[in-house]
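One-letter residues, chain by chain:
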Amino acid sequence: MSAPLEGVRVVDLTSGISGAYATKLLADGGADVVKVELPAGDWLRGWRVGDKPVPAGADGALFQFLAASKSSVVLDVGAIAQAPDNPLGHALLSGADLVFADADADPVALRARYPHAVVVAISSWGLGSSWADRPATDAVFQAIAGAPMTRGNPAHPPVIEGGDLAEWAAGLLAGIGGLVARWKSLTSGTGDLVDVSKLEAAVLTFCMYPVTFASIAGGPMRSNRARNLPSIHRTKDGYVGFMTVTGQQWLDFCVLAEQPEWMADESLIQFEERSKRAAELNGVIDEWAATKTTAEILDLADALRVPAAEVGRGDTLPEIDHFVARHAYTTNPGGFVQPDVSYTLGGGAQRRPFAPAPAPGRDTERLRAEPVRNPAVAGVTPGEDALPFAGLRIADFTMNWAGPIIGNVCAMFGADVIHVESVQRPDALRFKSLKPLGDPDWWEWAPLYIGPNTNKRDLTLDLGSETGRDLARRLVAHCDVVIENYSPRVMDNWGLTYDALREVRDDVIFLRCPAYGLSGPWRDRGGYAQTMEMASGLAWLTGWPGAPPEIPNGPMDPLAGGHSTFALLLALEHRRRTGKGMLLESPMIFGALNVAAEQVIEHSAYGTLLTRQGNRSPHAAPQGAYRTADPLPTGELDRWVLISVASDEQWRALTELLGRPEWSQAPELSSAAGRHAAHDQIDERLAAWAATQASTELVDRLVAAGVPAAVVARQDESPGLTPILERGFFETVLHPVTGGQLLQGYPARLASGPPVYNRTSAPLLGQDNADILKGLLGVTDQEYAALEAAEVIGTMPSTAGHSRGMR
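Keep in mind the model is a prediction, meaning the values are calculated, not measured.

About the thresholds
- Residues numbered from 1 in each chain as written.
- Predicted model: local features only at pLDDT ≥ 70, side-chain atom pairs only at ≥ 80, totals over all residues.
- Heavy atoms only, no water.
- Helix = DSSP H or I, 4+ residues; strand = E, 2+ residues; numbered from the N terminus.
- Rg over C-alpha atoms; globule rule 2.2 N^0.38 Å.
- Buried < 20%, exposed > 50% of the residue type's maximum accessible area, 1.4 Å probe, protein only.
- Contact = heavy atoms within 4.5 Å.
- Areas by Shrake-Rupley, 256 points an atom, 1.4 Å probe, with all protein chains shown as cover.
- Lys, Arg positive; Asp, Glu negative; His and termini not counted.
- Charge placed at Lys NZ, Arg CZ, Asp CG, Glu CD.
- Pairing = 2+ DSSP bridges.
- Phe/Tyr/Trp six-rings, centres within 6.5 Å; stacked < 30°, edge-to-face > 60°.
- Polar contact = N/O pair within 3.5 Å; in protein donor to acceptor, adjacent residues only side chain to side chain.
- Core = buried A, V, L, I, M, F, W, Y, C linked by side-chain atoms within 4.5 Å.
- Axes fitted to C-alpha atoms, helices over the stretch in contact; angles between N-to-C directions.
- pLDDT = per-residue confidence, 0-100.
- Parallel < 35°, antiparallel > 145°, perpendicular 65-115°, else oblique.
- Left-handed = near helix turned anticlockwise from the far one by under 90°.
- Salt bridge = Lys/Arg side-chain N within 4 Å of Asp/Glu carboxyl O.

### Looking at the overall build of the chain
- Across its full length, the chain carries 32 helices and 23 strands.
- Compactness check: the chain gives a C-alpha radius of gyration of 26 Å against a globular reference of 28 Å for 807 residues, within 12% of the reference.
- The C-alpha extent of the chain, read off along each of the three principal axes, is 80 × 70 × 50 Å.
- When burial is assessed residue by residue, the chain has 61% of its 807 residues classed as buried.
- Taking all contacts inside the chain whose residues are at least 6 apart in sequence as the whole, residues at least 24 apart take part in 75%.
- Accessible area for the chain stands at about 28500 Å²; split by element, carbon and sulfur atoms hold 51% of it.
- In the chain, the 68 positive side-chain charges and the 95 negative ones have mean positions that sit 2 Å from each other.

### Thoughts on the pairing of strand β4 (residues 98–102)
- Of all five residues that make up β4, five are buried, and the element is covered over most of its length.
- Judged by which residues are buried, β4 turns out to be covered on both faces: L98, F100 and D102 on one side and V99 and A101 on the other are all buried.
- Judged from the three bridges that link them, strand β1 (residues 9–12) and β4 form a sheet pairing that is parallel. Bridge pairing in β4 places V11 opposite V99.
- Looking at chain direction, β4 and strand β5 (residues 118–123) are connected through five bridges and run parallel. Paired with V99 across the two strands is V119, which belongs to β5.

### Quick look at the packing of aromatic side chains
- Tallying each qualifying case throughout the model produces 22 aromatic pairs.
- Summarising the aromatic geometry, the rings of F253 and W288 are spaced 6.3 Å apart at their centres and angled 85 degrees between planes, so their arrangement reads as edge-to-face. Taken together, the positions of F253 in helix α9 (residues 247–256) and W288 in helix α12 (residues 278–289) put the pair 35 residues apart, joining distant regions of the chain. With respect to class, F253 is no different from W288; both count as buried.
- Seen in terms of ring centroids, F413 and Y746 are 5.9 Å apart; in terms of plane orientation they differ by 90 degrees. Their pairing is edge-to-face. Of the two residues, F413 sits in the loop between α16 (402–412) and β13 (416–421) while Y746 sits in the loop between β22 (739–744) and β23 (748–750), which places them 333 residues apart along the sequence.

### A short note on the side chain of Q693
- Turning to its location among the elements, Q693 is positioned in the loop between α27 (679–690) and α28 (695–704).
- Among the polar contacts listed, one links the side chain of Q693 to the side chain of T692, at a separation of 3.0 Å.
- Other than its neighbours up to four places away in sequence, Q693 contacts T628, A629, D630, L698 and R701.

### Some thoughts on the nonpolar core
- Residues F323 and Y746 are the most contacted members of the largest nonpolar core, which totals 154 residues.
- The leading source of residues in this core is helix α6 (residues 165–188), at 12 residues.
- Beyond its immediate sequence surroundings of up to four residues, Y746 is in contact with L173, I176, E200, L204, V409, M412, F413, F729 and Y757.

### A short note on the sheet that holds strand β20 (residues 709–711)
- Spatially, three strands are ordered β18-β19-β20 in an open sheet, and the strand pairing comes out antiparallel. Each end of this open sheet is capped by a strand with a single partner; those strands are β18 (623–627) and β20. Within this sheet the neighbouring strands show an average axis-to-axis angle of 20 degrees, counted without direction.
- The sheet contact formed by strand β19 (residues 640–644) and β20 spans three bridges and is antiparallel. Counted as the bridge partner of V641 is V711 from β20.
- Across the face of the sheet, α27 comes into contact with β18 and β19 while running at roughly 35 degrees to β18.

### As for the sheet that holds β5
- On the basis of which strands lie adjacent, the open sheet formed by seven strands has the order β3-β2-β1-β4-β5-β6-β23 and mixed pairing. Bordering the open sheet on either side are β3 (71–74) and β23, each of which pairs with just one other strand. The sheet shows a mean angle of 20 degrees between the axes of neighbouring strands, taken without regard to direction.
- Sheet analysis places strand β2 (residues 32–37) next to β3, joined by four bridges and oriented parallel. When the bridges of β3 are listed, V34 appears paired with S71.
- On the sheet, helix α1 (residues 17–28) packs against β1, β2, β4 and β5 and is oriented at approximately 165 degrees with respect to β1.
- Its contacts with the sheet put helix α7 (residues 198–206) on β5, β6 (192–197) and β23, and the angle it makes with β6 is roughly 60 degrees.

### What about the confidence of the model for the chain?
- In this model, the chain carries an average pLDDT of 93, and 96% of its residues clear a pLDDT of 70 or more.
- Confidence over residues 803–807 falls short of pLDDT 50; this stretch has 18 contacts with residues more than four positions distant or in other chains.

### What to know about the packing of α1 against α6
- At a closest axis distance of 7 Å, the pairing of α1 and α6 adopts a crossing angle of 45 degrees. Classed by the angle they form, the pair α1 and α6 counts as oblique. Where α1 crosses over α6, the two elements pack in a sense that is right-handed. Facing α1, whose interface residues are I17, S18, Y21, A22, L25 and L26, α6 presents E167, W168, A170, G171, L172, A174, G175 and L179.

### Some remarks on the environment of A629
- Positionally, A629 belongs in the loop between β18 and β19.
- Once the C-alpha coordinates of A629 and G414 are considered, the two residues, 215 residues apart in sequence, prove to be 48 Å apart.
- The residues contacting A629, other than those within four sequence positions of it, are A690, A691, T692 and Q693.

### As for the side chain of R326
- By the element assignment, R326 lies in the loop between α14 (321–325) and β10 (329–331).
- Here E585 takes part through its side chain, which lies 2.8 Å from a polar atom of the side chain of R326.
- Setting aside residues up to four positions removed in sequence, R326 forms contacts with T344, Y516, G517, L518, S519, G520, E585 and F590.

### Describing the pattern of salt bridges
- All told, the structure shown has 49 salt bridges when counted by the stated rule.
- Linking R366 and D363 is a salt bridge whose minimum nitrogen-to-oxygen distance equals 3.2 Å.
- By sharing partners, the salt bridges in this structure join E484, D492, R512, R523 and D524 into a single network.

### Brief notes about the environment of A170
- Within the secondary structure, A170 sits in helix α6.
- The buried category is assigned to A170, whose relative accessible area is 0%.
- Taking the C-alpha atoms as reference, A170 lies 8.5 Å from E200; in sequence the two are 30 residues apart.
- Not counting the four nearest positions on each side in its chain, A170 is found in contact with S18, V196, K198 and A201.

Structure, rendered in C-alpha cells:
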C-alpha cells in the first residue's frame, strides 16, 4: 500500500501561509510538491516571531514545518506562465496535476495554457474582484467578517483572534477545493480553476451563520459583545475554561462550582440572564477556581460531564497527558517539536514520514533533467453537468456544527448525504430555535441547524431500539461513507462499530470525528469548538496582556470539519486506487493543534513563548481597533475601525493622511521594530484621530492610500460587501417553513461548477423517511406504518426529545 496521493504532482507558486499550508496538507498525504521560488526564497524562510533574526544559513522553523517533504526549484514565479521562455517552468506545469498560485502568478492564464491541470488560485477577495488592489492582512479579514464582535469585554475594543487563522483557514479550504476538482478531473480528463477567497474563508470560519440567522429572524443574532459565562478562569496553576451549552450543563456546572443556590434560580439557565449578572457570577467563579488546581477542576468536570479544558500554551501543550498518549506531537527533521497530521488512516494506507524542508533551488537540476511527466486520468467521462461527487452516498450521523459541515461540503459538490437523527434525539442545533418550544414546527426555526445541513436528505431512526439499529445497518449497506461525531462510547454502545459496518459494506469508509479521539485519557470527554480552542492554545493567544485569555468562540468547528473533510478526500482516493475502505479517525482537537502550530514550534525552536497581544500582531505595527465618531443608535454596537500597517511604505502613507504630524516623523518610527516599541504612544494618537472620523469614510481614505483597514463589522453585515456581492457568495433559498433565507456558498469556487451551492435548504425532521426507507431499503407500507407507530421514525420531536434542548 502507498500513501493516498503518491504519484500526484503539485506545483506550488505561492508564498505565505495559505498556499504553504494547502500544499503541506497534500505533501503529508503523499503528493510530490514542487515549490517554485525566487533565488532569495519565500519570505517565510526568514520568519520568526520577535526581534531576533533567523540564524544565518538557516530557515525559520515555521517554514520548515510548512515545507517538510517538498522539493524546491528556483525560477521567476511572476513569469512562469510565459512558458516558451521558461523550459523548466513549462515542463513542471505540463506535468502537474495541481498548481497552486497567488493572484500575481496569473492563474487564469495558467489554466488556459495548461488545461489538463487543476489550478488553485488563492487571493484576498477572489479573482477578478474590483477590490483586487485593496491591501489586506489577517486582522482586516477578521474585522470585515465580524469576528471581533463575538467576544471580549465591552469595556475594551473588539479583539481579534491570535494566530493568523484566516490565512490557515484559506489554506485548508484551498487544499479541499484542489482535491475536489482533481476528483472530477480524474473522470472528465480535463482540469479546472479553483478560485479561493480569503475573505470568504474568514466569513465561513469565524461566523456561525449570522447572515442566515438574520435573514430568518429579521435582525442580528446579537446586538452587543458578551463573554461566555462561565468562561476562562485562573486556577492555582494556570487557566481552565468551560463551555456550558445546554441547560443541564449549566446546572451541572453549578454543582461543580459549589453554588446550589444558582441551581434554584431558573432564570440563570438562560445565557442572557447570566450576562446581566456577569460581574457578580464571575467574581464567585474566579474565587472558587483560584482555590483549586487545573487538574482538580478537570477531574470534577469529567465526573459531572461539564465540557471543560485546560488552556494550553506553547510550552505546555506537548507535555499534556492526552497529547503524549496520542502522539499528537512529533519531531520535525529540523529538530523542533511540531504537531503530527490531524487524522489516522486505516485500510492499509501508508503515512508519509516528514522529510526535511528543501534549501532554495535544491531540486532545480534534478527536475530539469527529469523527462516531462504525463498526468494520468481515469478516462471515464461523466455527464457534462455531473458534479464531482455525483453517485457518492453518505450516511451522516452527526450533529451540531463541526460534523455536519463534512457532509454539507460533500453535498454541495453532488453527494447524496442522508442526515440521520431521531425524534427522541434530534440534532442539538434544532433547539437553538427562534420559536418557543411548544410552538408549531419550533424545531424547524433553527438557523444554526439550517446552515450546515443544506442539500441533504433527512431520516429519523431511533438508534436506541434494535429495529432502528437494524435499519441503520441496512442503510450503511447502500452507502460509500459513514460519518459520526459523537463521543466514542455512543456508536460503540449502539453496536455500530467499524467491524459491524464492514459486515454489511466491506469497502465502507467510516469517518469518526470525536472531540479528542478514540483513545487516550480524554477519550470520553465531551467537547465543543470552544473547548478545542482552549485546549489547543488558540485561546491563549486571544485577548489582552495581563487579562485572562478569551475564547475565540467557534472557528474550530469549521476548521475541524474542514480537516475531517480533507482526510475523507484522502480516504476516497485510497479506495479509488485499492478498492479498500477504512476506519478513518479525525478528532476535532488535532485539527486545532495544526492551525495553532506556530506557538509550539516557536517555543521548541527558539524558546519564545507567544502570548496575548490584544489587537497587535508580530506582522504589523501599528495594528489596532479604534472607536470612531459614528452616531450610535440605541442598542447598537459601537463603530470601530481596524488599522493594520504591515510595511514601512504603508506607515508613510498613514502619516500622510494624518498630515505628517511631528510625532509621526520620529526616525525610530520608520522601522517596524521602532513602531512595535512605540505602539502604546501610536495607539493613543490614532485613537484620538479616529474618534473624530466617520468609520466608512475613514476606511475609504485609508484604503485609497494603500493602508490595510476595515470597519469592524457586525457579523450579519457581510452580504453588502462588494466582493461578496460580486461572487454571489450568499444564495437565496426557499424553506417550506421559514420561507426565503440567505445561505452561504463555499469559498473554493470551481469554474466547472456547481453554479449554485445551496440547491435545497436543510431538510425538515424526517422529511425523507418514506423515500429512503421504502425506495432505498425496501420497507413495505405495512412495516413503515409500524415504524411510525413505535416512534422508530417520525417527523416531530417526541416528549423525550423536548428535554434535550440547548439554552
